[in-house]
Amino acid sequence: MKKLVREIVAYGVDYLILSVLISIFVFCASIFTISSETQNQAMLMLVCVLVVFFFCTSYIPTKQDGQTIGQKIMRLRVLNVNGKKRTYVQSFFREGIVKITFAPLYVLVSGGYFLIVNLLMKRDITAEMPIDILLKTDVVDA
């Protein structure tokens, strides 16, 4: 149960960091759209949103030995099932697409799966979450 709480906190930290960074660039883009002379700067700010998103959800987790910033704080690491480092694609799908882009759906499905399958059927709170089964990854202590 302790690891699950650390995973949730790590997810919250990652979500907060990414939200703040993206909000800064979106705010700047909205300011630049006020004047027609600064439209190019507004587009540049939106490109920066994409760069920050890919950097935080793909590059950092892959280069930092399978850890996002939140996972590093909570001393967790995500590896392939075979023990190797995860790939950029796995990092992008796990951290970017599933956990960030579909955040409400991810929380709902993962929470329901954990409650029904792990607690009621298997009676094992350490069982894998659906995202780990799908991407063939495993969350371990760092």
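For clarity, every value in this text was computed on a predicted model and none was experimentally measured.

L4, Y11, A103, Y106, F114, M129, I131 and L135 form the largest nonpolar core, which has 8 residues in total. Listing elements by their share of this core, those giving two or more residues are α1 (2-32), α5 (103-121) and α6 (130-135). Per element, the largest residue contribution to this core is 3 residues, and it comes from α5. Of all hydrophobic cores here, the second largest spans 6 residues; its members include V52, F53, C56 and I100.

With that settled, consider the pattern of salt bridges. Inspection of every chain in the model, using the stated rule, returns 2 salt bridges. Here D65 makes a salt bridge to R77, at a shortest N to O gap of 3.3 Å. One end of the pair, D65, is in the loop between α2 (39-63) and α3 (69-73); the other, R77, is in strand β1 (residues 76-80), with 12 residues separating them in the sequence. E95 is the salt-bridge partner of R94, the closest N and O atoms lying 3.3 Å from each other. As far as the burial class goes, R94 and E95 line up, both buried.

What follows concerns the packing of aromatic side chains. Per the counting criterion, the structure on display carries 6 aromatic pairs. Ring centres of F92 and F93 lie 6.1 Å apart, and the angle between their planes is 70°; this geometry places the pair in the edge-to-face category. A relative accessible area of 40% places F93 in the partly exposed class. Every member of this aromatic cluster is reached through a ring pair, and the members are F53, F54, F92 and F93.

So, on to the side chain of T57. Relative to the helices and strands, T57 is located in helix α2. T57 sits in the buried class, given a relative accessible area of 2%. A distance of 2.6 Å separates a polar atom in the side chain of T57 from the backbone oxygen of F53. In this structure T57 touches L18, S91, F92, E95, G96 and I100, once residues within four positions along its chain are discounted.

Before going further, it helps to spend a moment on the environment of S23. Here S23 is to be found in helix α1. Judged by its relative accessible area of 43%, S23 is partly exposed. It is 8.6 Å that separates the C-alpha atoms of S23 and V49, two residues lying 26 residues apart in sequence.

Inspection of every chain in the model, using the stated rule, returns 0 disulfides. With no disulfide of its own, C48 has C28 as its nearest cysteine by sulfur position, at a separation of 9.1 Å. Judged by its relative accessible area of 22%, C48 falls in the partly exposed class.

What counts as what
Residues numbered from 1 in each chain as written. Predicted model: local features only at pLDDT ≥ 70, side-chain atom pairs only at ≥ 80, totals over all residues. Heavy atoms only, no water. Core = buried A, V, L, I, M, F, W, Y, C linked by side-chain atoms within 4.5 Å. Buried < 20%, exposed > 50% of the residue type's maximum accessible area, 1.4 Å probe, protein only. Helix = DSSP H or I, 4+ residues; strand = E, 2+ residues; numbered from the N terminus. Salt bridge = Lys/Arg side-chain N within 4 Å of Asp/Glu carboxyl O. Phe/Tyr/Trp six-rings, centres within 6.5 Å; stacked < 30°, edge-to-face > 60°. Polar contact = N/O pair within 3.5 Å; in protein donor to acceptor, adjacent residues only side chain to side chain. Contact = heavy atoms within 4.5 Å. Disulfide = S-S within 2.5 Å.

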